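Geometric and topological summary
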Amino acid sequence: AVARLQMAGGEFCGNAAMALTALIARDKKLMRNGTHPLLLEVSGHGALVECMITPKDGYFIGKVKIPSPQFAESKEITVGDGVLSAQMVHFSGITHMIITESLPEAKKSVLIDRVTQQYMEYTKGDALGILFLNNATMEMEPFVYVPSAQSRVWERGCGTGSAAVGYALTLQEGHSLSLNLLQPGGIISVSSVFADGAVSEIWIEGRVDIVAEGRAYCALPTVTDEKAEREALLAGVAAWINERIKP
């Protein structure tokens, strides 16, 4: 692997993997024409992750092969006086809950509060995504909860969430798919390979812009060993980010 990516909550993140490949391509001056394959270690997954990065004029196109889900299942969730149907897609480092019913904002908030408060009912993983998907327009609003980092974020885009939707739709349709998911931050493309009754590959692809660089000053407690130091650093960075992404 050319690098290891460690997320604050130990989860797997496809978008972060894409972003890291862009930084590696720039720092290693892989700016010639063509696509460059890279292998990364990413938290939440025990094997190497295949990535590809293509430099463009002032930006990059990243592509990541998402590790296959462990399993998928349907689940019913009681919200207020109603019941919602959800499709659950469980990856090794994150679980995604896909909601296709149109909901008012207030009911979305009630659902999020219920699911995050009863997290262990839905997953034993490091993170949980709640994906509000419009099947007709392929528009998606992703929310991600990482309990160990105390992070509750309406994401601008979610790579593994996009892969979860691609996986679920591929199983439903019974053939390989290519689709574009419009999210608040732009489009993430998903392609799947369906063979012998199963989804054998899922790739996500998106544009990566390096928009800013600098130093983050985080208040960290005094620690005495390497593991505690790393955990304190991750917690400090997560707190710094959370302070700056509050609506």
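All values derive from a computational prediction rather than experimental measurement. (Residues numbered from 1 in each chain as written. Predicted model: local features only at pLDDT ≥ 70, side-chain atom pairs only at ≥ 80, totals over all residues. Heavy atoms only, no water.)

Details of the overall build of the chain
Across its full length, the chain carries four helices and 13 strands. The C-alpha radius of gyration of the chain comes to 18 Å, within 12% of the 18 Å expected for a compact globule of 247 residues. Projected onto the principal axes, the alpha-carbon positions of the chain cover approximately 50 × 45 × 30 Å. Expressed as a percentage of its 247 residues, the buried residues of the chain come to 43%. Counting only contacts in the chain whose residues sit at least 6 apart along the sequence, the fraction spanning at least 24 positions is 52%. Side chains of the chain carry 21 positive and 27 negative charges; the gap between the two charge centres is 5 Å. (Helix = DSSP H or I, 4+ residues; strand = E, 2+ residues; numbered from the N terminus. Rg over C-alpha atoms; globule rule 2.2 N^0.38 Å. Buried < 20%, exposed > 50% of the residue type's maximum accessible area, 1.4 Å probe, protein only. Contact = heavy atoms within 4.5 Å. Lys, Arg positive; Asp, Glu negative; His and termini not counted. Charge placed at Lys NZ, Arg CZ, Asp CG, Glu CD.)

Here we look at the packing of aromatic side chains
Counting across every chain of the model gives three aromatic pairs. Ring geometry for Tyr119 and Tyr145: centres 5.6 Å apart, planes at 80 degrees, overall edge-to-face. You can see Tyr119 sitting in the loop between α2 (105-117) and β8 (128-134) and its partner Tyr145 sitting in strand β9 (residues 139-146), a full 26 residues away along the chain. Pairing Phe143 with Trp154 gives two aromatic rings, centres 5.5 Å apart and planes at 70 degrees, and the pair type is edge-to-face. Of the two residues, Phe143 sits in strand β9 while Trp154 sits in strand β10 (residues 151-154), which places them eleven residues apart along the sequence. The exposure class assigned to Phe143 is buried, which follows from its relative accessible area of 3%. The lysine or arginine in question, Lys63, covers the ring of Trp203, its NZ or CZ lying 5.4 Å from the ring centre. (Phe/Tyr/Trp six-rings, centres within 6.5 Å; stacked < 30°, edge-to-face > 60°. Lys NZ or Arg CZ within 6 Å of the ring centre and 35° of its normal.)

A look at the nonpolar core
Val64, Ile98, Val165, Leu181 and Ile204 are the most contacted members of the largest nonpolar core, which has 48 residues in total. When sequence neighbours within four positions are dropped, the list of residues in contact with Val165 reads Ile98, Leu131, Leu133, Met140 and Leu181. Counting residues in hydrophobic clusters, the runner-up holds 18 residues, among them Leu84, Met97, Leu111 and Ile130. (Core = buried A, V, L, I, M, F, W, Y, C linked by side-chain atoms within 4.5 Å.)

Quick word on the side chain of Gln183
Mapped onto the fold, Gln183 is located in strand β11 (residues 178-183). From its side chain, Gln183 meets the backbone nitrogen of Cys158 in a polar contact 2.8 Å long. Apart from the residues within four sequence positions on either side, Gln183 is in contact with Met140, Pro142, Arg156, Gly157, Cys158, Ser162 and Ile188. (Polar contact = N/O pair within 3.5 Å; in protein donor to acceptor, adjacent residues only side chain to side chain.)

Here we look at the pattern of salt bridges
Pairing between side chains becomes possible if they bear opposite charge and their charged atoms approach one another. All told, the structure shown has nine salt bridges when counted by the stated rule. Glu50 is the salt-bridge partner of Lys65, the closest N and O atoms lying 3.6 Å from each other. Residue Lys65 is found in strand β4 (residues 60-65), and its partner Glu50 is found in strand β3 (residues 49-55); the two are separated by 15 residues along the sequence. Judged by its relative accessible area of 22%, Lys65 is partly exposed. On the basis of relative accessibility, which here comes to 37%, the residue Glu50 falls in the partly exposed class. (Salt bridge = Lys/Arg side-chain N within 4 Å of Asp/Glu carboxyl O.)

Observations concerning the pairing of β10
Residues of β10 alternate between two faces, with Ser151 and Val153 buried on one and Arg152 and Trp154 left unburied on the opposite face. Where β9 lies against β10, four bridges are found, and the strand directions are antiparallel. Paired with Val146 across the bridge in β10 is Ser151. Linking two consecutive strands that pair antiparallel, namely β9 and β10, is a turn of four residues; a positive phi of about 55 degrees is found at Gln150 within it. (Pairing = 2+ DSSP bridges.)

Let's talk about the pairing of strand β6 (residues 82-90)
Side chains on a regular strand alternate between the two faces of the sheet. Examined bridge by bridge, strand β5 (residues 71-79) and β6 share nine bridges and lie antiparallel to one another. Residue pairing for β6: Glu73 is matched across the bridge by Met88. Count of turn residues in the β5/β6 antiparallel hairpin: two residues, of which Gly80 carries a positive phi of about 65 degrees. Connecting β6 to the next strand, strand β7 (residues 95-99), in antiparallel fashion are four residues.

A word on unusual backbone geometry
In this model, Gln150 sits at a positive phi of 55 degrees, which is unusual for a non-glycine residue. With respect to the helices and strands, Gln150 occurs in the loop between β9 and β10. By relative accessible area, which is 59% here, Gln150 ends up exposed.

That is the geometry; function is a separate question.
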